[in-house]
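Examination of the molecular architecture
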Amino acid sequence: MRQTSVSRLFERVGERLELTHICGTLDRTLSVSEERVWPADLVGHLNLIHPERLQIVGMAEIAWARRQTANRLARYVEEILSARPPAMIVADGCEVPATFERKCAAADVALFRSPQPAASVVDQLRLYLSREMAERTALHGVFMDVLGLGVFITGDSGAGKSELALELISRGHGLVADDMVEFSRIAPTVLEGRCPELLKNYLEVRGIGILNIRTIFGETACRRKMRLKLVIYLQRRQPGEGDPTRLPIEQDTMEILGVAVPKMVIPVAAGRNIAVLLEAAVRTTILQLRGIDTTQEFIARQRALLLSDNPD
């Protein structure tokens, strides 16, 4: 089960949302216990169908409340609060109706007020919860920003992952994390990679030791986070192994937290410029993301040539 608390939410985003705590406990939890429920589903506008959500009350809901009789409004609010929602936020700079404050205090449900637009409050809370309660895993490798693309470099022990990262940094690319990368699934098909706090800005190179990349190469050589788009596997060739596929028809993938990420295998051998090969792989991936597949274009050209009556 993935969960967080109202107190942590208030501590982390209270200032950004300009929240004022009016009444109620901050000890309630927001939790996701089912795979089909996404953390963003825990926040929504005032809703009798989903009363268990963190309820956001905006100008439209306040206008609706004013059209109700006092008894009817009290009954609606009691029905929502009986589901024990984590909290209620009155946004759009609206005054908190006395019925809301009285009922929240009686049910001990946290009540907040924010001057910001209700839609903005919902969006920011959903973004926060998607990151705070995301599924996470830690993988061994190096995570880089190469040409604006998040690239996870992994592979056989001693294949030269850190040395490759150092060369890429010297060519103007950015380091996110070395040795251990923390990945989180912030959306159904989106993985975000960060560096553990202990390892931030550091790169270990065999024979040299630990390098502070930010100190040596400057602020632009490090990144705080990146979205993962490509996995590069460095493969050390063993004597007697066959050659890898020269013209792969299907894109290889690596599954991380249930998300299939494009993967390319680069054989490591003396004399090969792995940094140039990796940059080429990234450029190819960027083209594929734009809908341009060079391999398929070549296959289509070859097929057309074979079917042609006059190859010339």
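Above this text sits the structure in question.
Owing to the predicted nature of the structure, the values given are computational and were not obtained by experimental measurement.

Okay, the overall build of the chain next. Each helix and strand in the chain was counted, giving nine helices and 16 strands. For the chain, the spread of C-alpha atoms along the three principal axes comes to 85 × 60 × 30 Å. The buried share of the chain, reckoned over its 312 residues, is 43%. When the accessible surface of the chain is split by element, carbon and sulfur atoms take 49% of a total near 17,100 Å². Mean positive and mean negative side-chain charge positions of the chain (39 and 39 charges, respectively) differ by 3 Å.

Attention shifts here to the sheet that holds strand E6 (residues 87-90). One open sheet accounts for five strands, arranged E2-E7-E6-E5-E4; its pairing is mixed. Each edge of the open sheet carries a strand with a single partner, namely strand E2 (20-23) and strand E4 (43-45). Put simply, the sheet's adjacent strands are angled 25° from each other on average, direction ignored. Strands E2, strand E5 (54-57), E6 and strand E7 (110-113) of the sheet are contacted by helix H1 (residues 6-13), whose axis makes an angle of about 15° with E7.

Below, the discussion takes up helix H9 (residues 294-307). With 14 residues, H9 should cover 20 Å at 1.5 Å per step; its first-to-last C-alpha distance of 20 Å lies within 8% of that length. Where H9 begins, the side chain of Asp-293 points an oxygen toward the backbone nitrogen of Thr-295, at a separation of 3.1 Å.

Below, the discussion takes up the pattern of salt bridges. This model, assessed by the stated rule, comprises eleven salt bridges. As a salt-bridge pair, Arg-185 and Glu-135 come within 2.3 Å of each other at their nearest N and O atoms. Taken as a pair, Arg-185 in strand E10 (residues 174-187) and Glu-135 in strand E8 (residues 135-146) lie far apart in primary sequence, 50 residues in all. You can call Arg-185 buried: its relative accessible area is 11%. Its salt-bridge partner being Arg-171, residue Glu-279 comes within 2.8 Å of it at the nearest N-O pair. Placement of the pair is Glu-279 in helix H8 (residues 274-289) and Arg-171 in the loop between helix H6 (161-170) and E10, with a sequence separation of 108 residues.

A few words now on the pairing of E7. Where E2 and E7 come together, three bridges link them in antiparallel fashion. Residue pairing in the sheet places Cys-23 in a bridge with Leu-111 of E7. Bridge analysis of E6 against E7 gives four bridges, and the strand direction is parallel. If you follow Ala-87 over to E7, its bridge partner there is Ala-110. Between the parallel elements E6 and E7, the chain passes through helix H4 (residues 98-107) in a crossover that is right-handed.

The end-to-end C-alpha separation of helix H3 (residues 70-81) is 16 Å, in line with the 16 Å expected for twelve residues at 1.5 Å each. In this structure, the buried side of H3 is in contact with E5, helix H2 (59-66), E6 and H4.

Turning to the side chain of Asn-201, a few remarks are in order. Looking at where Asn-201 falls in the secondary structure, it is placed in the loop between strand E11 (190-194) and strand E12 (202-205). Here Asn-201 is in contact with Leu-175, Leu-211, Asn-212, Ile-213, Arg-214 and Cys-222, once residues within four sequence places are set aside.

It is a general feature of regular strands that their side chains alternate between the two faces of the sheet. Of the two faces of E6, the one carrying Ala-87 and Ile-89 and the one carrying Met-88 and Val-90 are both buried. Note that E5 and E6 share three bridges and pair parallel. Bridged to Ile-56 within E6 is Ile-89.

Now for the layout of surface pockets. Approximately 410 Å³ is the volume found for the second largest pocket. Elements represented by at least two residues in the lining of the second largest pocket include exactly H1, helix H5 (118-132), E10 and E11. Looking at the lining of the second largest pocket, the element that brings in the most residues is H5, giving four residues. A per-class count over the lining of the second largest pocket returns three nonpolar, one polar and eleven charged.

So, about the environment of Arg-301. Mapping Arg-301 onto the fold places it in helix H9. A sequence separation of 105 residues divides Arg-301 from Pro-196, and the C-alpha atoms of the two residues are 47 Å apart.

Turning our attention to the nonpolar core. Looking at soluble globular proteins, one finds that nonpolar side chains tend to be buried together. In this structure, Met-144, Ile-153, Ile-232 and Leu-278 are the most contacted members of the largest nonpolar core, which totals 29 residues. Of all the secondary structure elements, the ones that give two or more residues to this core are E8, strand E9 (149-155), H6, E12, strand E14 (225-236), strand E16 (259-268) and H8. Ranked by the residues each element gives to this core, the list is headed by H8, at six residues. Filtering out sequence-adjacent residues up to four positions away, Ile-153 remains in contact with Gly-141, Val-142, Met-144, Lys-161, Leu-164, Leu-168, Ile-232, Leu-234 and Leu-278. Listed in part, the 23 residues of the second largest apolar core include Leu-9, Leu-30, Val-32 and Met-133.

Rules used in this analysis
- Residues numbered from 1 in each chain as written.
- Predicted model: local features only at pLDDT ≥ 70, side-chain atom pairs only at ≥ 80, totals over all residues.
- Heavy atoms only, no water.
- Helix = DSSP H or I, 4+ residues; strand = E, 2+ residues; numbered from the N terminus.
- Buried < 20%, exposed > 50% of the residue type's maximum accessible area, 1.4 Å probe, protein only.
- Areas by Shrake-Rupley, 256 points an atom, 1.4 Å probe, with all protein chains shown as cover.
- Lys, Arg positive; Asp, Glu negative; His and termini not counted.
- Charge placed at Lys NZ, Arg CZ, Asp CG, Glu CD.
- Pairing = 2+ DSSP bridges.
- Axes fitted to C-alpha atoms, helices over the stretch in contact; angles between N-to-C directions.
- Contact = heavy atoms within 4.5 Å.
- Expected span 1.5 Å × (residues − 1).
- Polar contact = N/O pair within 3.5 Å; in protein donor to acceptor, adjacent residues only side chain to side chain.
- Salt bridge = Lys/Arg side-chain N within 4 Å of Asp/Glu carboxyl O.
- Right-handed = clockwise from strand over helix to strand, strands pointing away.
- 1 Å grid on protein atoms, 1.4 Å probe; cavity = no way out; pocket = protein on both sides within 12 Å on 5 of 7 lines; lining within 4 Å.
- Points joined across faces, edges and corners; volume = space filled by probe spheres on them.
- Nonpolar A, V, L, I, M, F, W, Y, C, P; charged D, E, K, R; others polar.
- Core = buried A, V, L, I, M, F, W, Y, C linked by side-chain atoms within 4.5 Å.

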